[in-house]
Amino acid sequence: MHLFAVLRMQIDHNDSSGDSARAPFRASKDTELHSVGKLTALLIAGSFGVLTLGGGFATAQQTAQPAQPSQPARQVRPPQQPPAATQGTPTQPAPPGAATETDDGAAAASPALQQAEDQLAQAERELNRLAERVDAAKEDDTLLAELKVQVDELSKQIIAASVGTRPRLDEIKARLTELGDPPGEGQPPEAAIITEERKRLLAERGAINALTGRAENLSVESRKLANGITATRRALFSNTLLKHTDVSAAMLSEAVTATVDEARALSRSIGSWLAFAWNYKRVPLLSALFLSLCAAFLFLVGGYRLFSPFLRHQDEEEEPTYFRQLSLAFWSTLIPTMSLTAFAASSYFFLNSFNVLRPDIGPIIAITLAMSVAVFFVTRLANSVLSPKRSSLRLVRVSDRGARMLMVPIFAMALVNGLDYLLGSIGESLGSPVVLTVARSFLASIIIGLILMSMALIRPMLRTDEPFEAPGRPWPRVISLSFLLMGAALIAIALSGYVGLARFIATQIIVTGAILVTMYIGLLTGKSVSKQGAFAETAAGRYAERRFNLEQVALDQIGLAAGLGIYALVVLFFIPLILLQWGFQIADIESWAYRILTEIRIGTITISLVGILAGVLFFALGYVVTRWVQRWIDGNIMARSRVDAGVRNSIRTGIGYVGVGLAGLIGLSAAGIDLSSLALVAGALSLGVGFGLQNIVSNFVSGLILLVERPFKVGDWIVSGTTEGFVRRISVRATEIETFQHQSIMMPNSLLINASVGNWTHRNKLGRSEIAVTVTYASEPRRVIELLQEIAAAHPMVLKNPAPNVGFTTFGDERMTFELRIYVADVLKAGDVRNDIRVSIYERFRDEGIGAPFPMKIEDVTPEEEAEPPSIEDEKVEPQPEQDEAVERPISRRRSR
C-alpha cells in the first residue's frame with residue numbers, strides 16, 4: 001500500500017463539503033486506509049514503499065468518475081432449506097425393507113452431524129451478508145478485494161464442514177455392513193434392537209448425505225459470488241481508466257477559476273491552523289516535532305553505525321569492485337530514505353497523537369510528507385546509479401555530462417508526478433470540484449510526455465575505450481525511439497480525452513520504472529555476491545573468515561546462499577509493489593501468496609510449500625540434535641568411562657542411524673505426507689531389492705551386523721584375503737581399511753561377513769613373534785639356546801609371562817636352524833622388538849665367536865671368476881616390518897676350488 005495511505009491511517013474522512021461526484025473515491029480511500037493496517041509494519045520498515053506516488057489506479061479515479069459496471073455482482077440468496085434431519089430420500093438408496101423416513105432424534109444424536117449443520121447454517125447467513133455487502137460496494141475496488149478474500153475463506157469453511165462428517169459416515173457404513181441386510185420374506189425375523197439400530201443408522205446416513213448436498217450447493221453459490229466480484233472489479237478498473245473526458249477551453253478556464261478558489265481556501269485553512277496550533281497547541285506541536293527529529297536522528301545514526309562498512313569509501317580508491325559499487329548504491333539510497341521515512345511517519349504520528357492536526361489539515365500534512373519522501377527517494381536512486389560527481393562509482397557507462405543532464409529530467413518527472421498527486425489530495429480534502437483534478441492530471445501528463453521526448457535528445461553514451469570526460473554519443477536507436485514514442489503516446493492519449501489512462505501510464509513510467517531499476521540493482525547485487533570468491537572480499541566475508549576460521553569453499557557456499565537470498569527478497573518485496581501500482585489490492589496479493597504457499601495443485605495432488613519448508617526445517621533440526629547427542633554421549637559419558645574406541649564408534653554410529661531416521665519421519669509428518677503411504681514405497685523398494693538392490697541391502701544389513709556383533713572394530717589390525725591393514729571406519733555400505741602403505745581400501749561389508757577375516761587385535765593386543773637363527777655345525781647348540789634366551793629376556797618389551805623360548809627346528813645341509821619365540825604386549829610394536837633382538841643376536845654371537853647367525857650360500861667358482869669383483873645379491877627380502885616374519889639377508893660367499 002502507498003506510503004501516503006500509511007501516513008493517513010488515522011484521518012477522519014467525514015468531510016461532506018466536496019462534490020458528490022467524488023464520493024465513490026472517498027469511500028475507496030477510506031477502505032484503502034482500513035486495509036493498510038495489515039502491512040503498516042512492512043511498509044514502514046521498507047523504504048522503497050515511498051516509490052508508490054499515489055498509485056495509478058487511485059489517481060485515475062480522481063481524474064474521471066467511474067462508470068457503473070456492466071455486470072454487477074449478483075446477490076446470492078440460497079434458498080432456505082429445512083433442517084438436515086427432515087430432508088427427503090438420501091442420495092444412496094436404502095436397502096429393501098429399511099425405513100426411508102429420517103429420525104430427528106437419531107440424527108441429532110451425532111455430535112459431528114449437529115456441528116456440521118450449525119456450521120453450514122452460519123455459513124449460509126454469512127454468505128447472504130457478504131452478497132449484500134458486494135451489492136453495496138460495487139464501486140469500491142478495495143472493499144471488493146477484501147470481500148473476495150472473505151468469500152474464498154467462507155468457501156473453505158463450507159467444504160471443511162462437509163469433510164468433517166466423513167469419518168462418521170465411514171463408521172455408519174461399516175456398522176451397516178456388520179448388521180447386514182434385513183431378513184427377507186420367509187426368513188425368521190431379527191431382533192427388534194437390531195432393526196431399530198439399522199433404522200437409526202440409515203436415518204443418520206441420509207441426513208449426512210443431505211448435508212453434503214447442501215454444502216455443495218453453498219460452495220457453488222460462493223464460487224459464483226467470488227466470480228461476480230472479480231468481474232465487477234475488472235469492469236470497474238476498465239471503466240475508470242477508459243472514461244472519456246471532454247478537454248476544451250471552457251474546462252480549462254473553469255479549472256483556472258477553481259484553482260484560484262482552492263488556493264484561497266488552502267491559505268485560509270493553513271493560516272488558521274497555524275495560528276490555532278501556535279496559540280493553543282504550542283507545547284504539543286514543539287514536542288511532536290522534537291520527538292520526530294529524535295526518531296529520525298536515531299534511525300540515521302544507527303543505520304550509519306550498522307552499515308558503515310558498506311557506506312565508507314576512500315577517495316584514493318580508483319577502481320572499486322563492481323560489488324562495491326552496487327553496495328554503495330544500495331545502502332546510500334536505502335539508509336537516507338529510511339531516515340527520511342522515519343521522520344515523516346513519526347512526525348505525522350506524533351502530531352496526530354498530540355491532537356495538533358485538524359481533519360482538513362491532516363491529509364495535507366500526510367501527503368506533503370509522503371511526496372517529499374518519494375521525490376527524495378527517486379532523486380537519491382538516480383544519483384546512486386548515475387553518480388554524476390564520481391564516475392568510478394557509476395553503475396551505467398554514461399559520460400559525466402550525460403549523467404548530469406539525465407538527473408534533471410528524472411527529478412522533474414518525479415516532482416511533477418508528486419505535485420500532481422499532492423494537489424489532487426489537497427483538492428479532495430478541501431472539497432474542490434473534480435474538473436480541477438482532471439485539469440491537473442491533464443497538464444501533468446502533457447509535461448511528463450514532453451520530458452520523455454526531451455530525454456531522447458540527450459547524448460550520454462560512451463564506447464568502451466572512451467573516458468568518462470568525453471562528450472558522449474546519442475542513445476541507441478531503440479532507446480531514443482522508445483522515449484519519443486512513449487512521450488508522444490502519452491500526449492496523444494491526454495489530448496484525446498482519456499486523461500485517466502494517460503495519468504495512469506505517466507505514473508507507471510516513473511514509479512514502476514524506479515521499482516524496476518531498484519530490482520535490477522538488487523539482482524545484480526545477488527549475482528555479484530554469488531560469484532566464486534566474491535563473498536570472501538566483502539566485509540561480512542572477512543569477518544566470517546576471521547571469526548569462524550572458514551575456508552574458501554565454505555565462504556563460496558555462504559556467498560551462493562546469500563545471493564539466492566537476495567534474489568528471493570527482491571522478488572518477494574518488489575513484485576507486490578508493482579502489483580499494487582497496477583491496480584491490485586493488498587487482499588489480492590495476500591490471497592495469491594496464501595494459495596502459492598499452501599495450495600499448489602497438480603492434478604489431484606496438492607503441494608504446500610509451507611509444509612515442505614517446515615518438513616525440511618524439522619529434519620535439519622533433528623539432524624543437528626542427533627549430531628549434538630552423538631558428540632555429548634561420546635565426549636562426556638563414554639570418554640569418562642574409558643570405553644573402547646571401537647565400542648564408542650559403534651554406539652555413535654547407531655545413535656546416528658536412529659536419530660536421522662526419526663528426524664526423517666518427523667520431517668515427512670511436518671511436510672503433510674501421510675506415513676501410511678510409505679507402505680507403497682516399501683513395496684517398491686522390496687521389488688527393487690528383488691531386481692537389483694540386493695547387494696546394497698546385503699551390505700547395509702552386513703554393516704549393521706558388524707556394528708552389533710563387532711568381530712572387529714575401528715583400529716583393529718585385520719587380514720582378509722590379500723587385504724591387510726587397520727580398520728579406519730565402518731559405514732553403512734563398506735568398511736574402510738588402511739594398509740601399511742597408507743592406501744585406503746573400501747571393502748563391501750558383505751565380503752567381510754561371508755569370508756574369513758583374521759584379527760590380530762580382536763580381544764587384546766598380545767601377540768607372539770618368531771626370529772629364525774642359523775649357525776654352523778661347529779657351534780654348540782645348547783650354548784646357542786642359552787644365548788638366545790638371555791638376549792630375549794634382556795629386552796624390556798618382551799613379556800616374562802608367557803616366557804620366551806627357543807626351538808631347535810632344522811638340520812640343514814651345512815647349518816643348524818633355531819627359532820626364538822617371544823611374546824609382546826602390543827603386537828603392533830613387534831616389528832621394532834624383532835629388529836632390536838636381531839641386532840643384539842648379531843653383536844652377542846660375534847663376541848662369542850659363534851658362526852654367522854644367518855643363512856650363507858657356498859658356491860664353487862672357476863679360477864677365471866676369481867678375478868672378477870665380488871657381488872652381493874639379496875635372495876630373500878623381508879616383508880613389512882609389522883608382519884611376524886624375520887628379516888634374513890643372505891650373503892653370497894665365494895670359495896676357490
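To keep things clear, this report deals only with the structure shown in the data block. All figures in this text were calculated on a predicted structure; none of them were measured in a lab.

Reading guide: rules and limits
Residues numbered from 1 in each chain as written. Predicted model: local features only at pLDDT ≥ 70, side-chain atom pairs only at ≥ 80, totals over all residues. Heavy atoms only, no water. Helix = DSSP H or I, 4+ residues; strand = E, 2+ residues; numbered from the N terminus. Buried < 20%, exposed > 50% of the residue type's maximum accessible area, 1.4 Å probe, protein only. Contact = heavy atoms within 4.5 Å. Areas by Shrake-Rupley, 256 points an atom, 1.4 Å probe, with all protein chains shown as cover. Pairing = 2+ DSSP bridges. Axes fitted to C-alpha atoms, helices over the stretch in contact; angles between N-to-C directions. Salt bridge = Lys/Arg side-chain N within 4 Å of Asp/Glu carboxyl O. Parallel < 35°, antiparallel > 145°, perpendicular 65-115°, else oblique. Lys, Arg positive; Asp, Glu negative; His and termini not counted. Polar contact = N/O pair within 3.5 Å; in protein donor to acceptor, adjacent residues only side chain to side chain. Phe/Tyr/Trp six-rings, centres within 6.5 Å; stacked < 30°, edge-to-face > 60°. Expected span 1.5 Å × (residues − 1). Arc of directions from axis to C-beta. Core = buried A, V, L, I, M, F, W, Y, C linked by side-chain atoms within 4.5 Å. Nonpolar A, V, L, I, M, F, W, Y, C, P; charged D, E, K, R; others polar.

## A word on the overall build of the chain
Then comes step 1: Scanning the chain from terminus to terminus reveals 28 helices and twelve strands.
Then comes step 2: Residue burial in the chain is summarised as follows: out of 897 residues, 43% are buried.
Then comes step 3: Residue pairs in contact within the chain that sit at least 24 positions apart in sequence constitute 76% of those at least 6 positions apart.
Then comes step 4: For the chain, the accessible surface area stands at approximately 47,200 Å², while carbon and sulfur atoms represent 61% of it.

## Let's talk about the sheet that holds strand E10 (residues 815-824)
Then comes step 1: Pairing is antiparallel in the open sheet, where three strands are placed in the order E8-E10-E9. The two strands at the open ends of the sheet, each matched to only one other strand, are strand E8 (767-776) and strand E9 (805-811). In this sheet, neighbouring strand axes are inclined to one another by 25° on average, regardless of whether the strands run parallel or antiparallel.
Then comes step 2: Of the pairings in the sheet, the one linking E9 to E10 comprises six bridges and is antiparallel in character. What sits directly across from Gly807, in E10, is Glu819.
Then comes step 3: With respect to the sheet, helix H26 (residues 781-794) is in contact with E8, E9 and E10, its orientation differing from that of E10 by roughly 25°.
Then comes step 4: Contacting E8 and E10, helix H27 (residues 830-848) runs over the sheet at an angle of about 25° to E8.

## Let's talk about the pattern of salt bridges
Then comes step 1: With the rule as written, the count across this model stands at 23 salt bridges.
Then comes step 2: Arg175 serves as the salt-bridge partner of Glu197, at 2.8 Å between the closest nitrogen and oxygen. Placement of Glu197 in helix H9 (residues 192-241) and of Arg175 in helix H8 (residues 166-179) is noted, with a sequence separation of 22 residues between them.
Then comes step 3: The network of salt bridges with common partners includes Arg783, Glu786, Glu790, Arg844 and Glu848.

## Some remarks on the packing of helix H10 (residues 249-280) against helix H15 (residues 400-430)
Then comes step 1: Relative orientation of the contacting elements H10 and H15 amounts to 75°, with a least axis distance of 11 Å. Comparing the axis directions of H10 and H15 gives the class roughly perpendicular. Two secondary-structure elements touch here, H10 through Glu262, Ala265, Leu266 and Ser269 and H15 through Leu423, Ile426, Gly427 and Leu430.

## So, the side chain of Arg815
Then comes step 1: Examined against the element boundaries, Arg815 turns out to sit in strand E10.
Then comes step 2: The side chain of Arg815 is buried and forms no salt bridge, while Glu814, the nearest opposite charge, is found at 6.5 Å.
Then comes step 3: For Arg815, the side chain forms a polar contact with the main-chain oxygen of Thr774, separated by 3.4 Å.

## Quick look at the packing of aromatic side chains
Each aromatic ring pair is specified by the distance between its two centres and by the angle formed by the two planes.
Then comes step 1: This structure, assessed with the given rule, holds twelve aromatic pairs.
Then comes step 2: Between the aromatic rings of Trp717 and Trp760, the centroid separation amounts to 5.2 Å while the plane-to-plane angle is 25°, which identifies the pairing as stacked. One end of the pair, Trp717, is in strand E3 (residues 717-720); the other, Trp760, is in the loop between strand E7 (758-759) and E8, and 43 residues separate them in sequence.
Then comes step 3: Assessed through its relative accessible area of 1%, Trp717 is described here as buried.

## Some details on H26
Then comes step 1: Here H26 contains 14 residues, and its C-alpha end-to-end distance of 20 Å stays within 8% of the 20 Å for a straight helix at 1.5 Å per residue.
Then comes step 2: Every buried residue of H26 is accounted for by Val784, Leu787, Leu788, Ile791 and Ala792. One side of H26 holds all its buried residues, which, seen down the axis, span an arc of 130°. Of the exposed residues in H26, those oriented more than 90 degrees away from the buried face are Arg782 and Ala794.
Then comes step 3: Its buried side turned inward, H26 meets E8, E9, E10 and H27.

## Regarding the pairing of E8
Then comes step 1: With seven of ten residues buried, E8 lies mostly within the body of the structure.
Then comes step 2: The pairing of E8 with E10 spans ten bridges and is classified as antiparallel. Bridge pairing in E10 places Glu770 opposite Arg821.

## Here's the deal with the nonpolar core
Then comes step 1: Judged by nonpolar contacts, the single largest core of 30 residues is most densely connected at Leu120, Ile158, Leu225 and Ile229.
Then comes step 2: Looking at this core, the elements with two or more residues in it are helix H6 (111-136), helix H7 (141-163), H8 and H9.
Then comes step 3: Among the elements that make up this core, the one with the highest residue count is H9 (ten residues).

## Quick notes on the sheet that holds strand E4 (residues 723-730)
Then comes step 1: Read across the open sheet, the five strands follow the order E6-E5-E4-E3-E7; overall the sheet is antiparallel. Every other strand in the sheet has two partners, leaving strand E6 (744-748) and E7 as the edge strands with one partner each.

## Thoughts on the pairing of E6
Then comes step 1: Sheet topology places strand E5 (residues 734-738) next to E6; five bridges connect them, and they run antiparallel. Bridging across to E6, Thr735 finds its partner in Met747.

## Considerations on unusual backbone geometry
Then comes step 1: Following Asn801, the chain continues into Pro802 via a peptide bond in cis, with omega recorded as 0°.
Then comes step 2: Within the secondary structure, Pro802 is located in the loop between H26 and E9.
Then comes step 3: Positive phi, close to 60°, is recorded for Asn355, a residue that is not glycine.
Then comes step 4: Note that Asn355 resides in the loop between helix H13 (322-353) and helix H14 (362-386).

## Some details on the environment of Arg733
Then comes step 1: Along the chain, Arg733 falls in the loop between E4 and E5.
Then comes step 2: You can call Arg733 partly exposed: its relative accessible area is 45%.
Then comes step 3: Beyond its immediate stretch of four places on either side in the chain, Arg733 contacts Asn699, Met746, Pro748 and Asn749.

## Considering the packing of helix H18 (residues 499-529) against helix H20 (residues 552-581)
Then comes step 1: Following both chains from N to C, one finds H18 and H20 inclined at 175°, their axes separated by 8 Å at the closest point. When the interaxial angle is binned, H18 and H20 end up roughly antiparallel.
Then comes step 2: Of the residues assigned to the contact of H18 with H20, the class counts are 15 nonpolar, ten polar and one charged.

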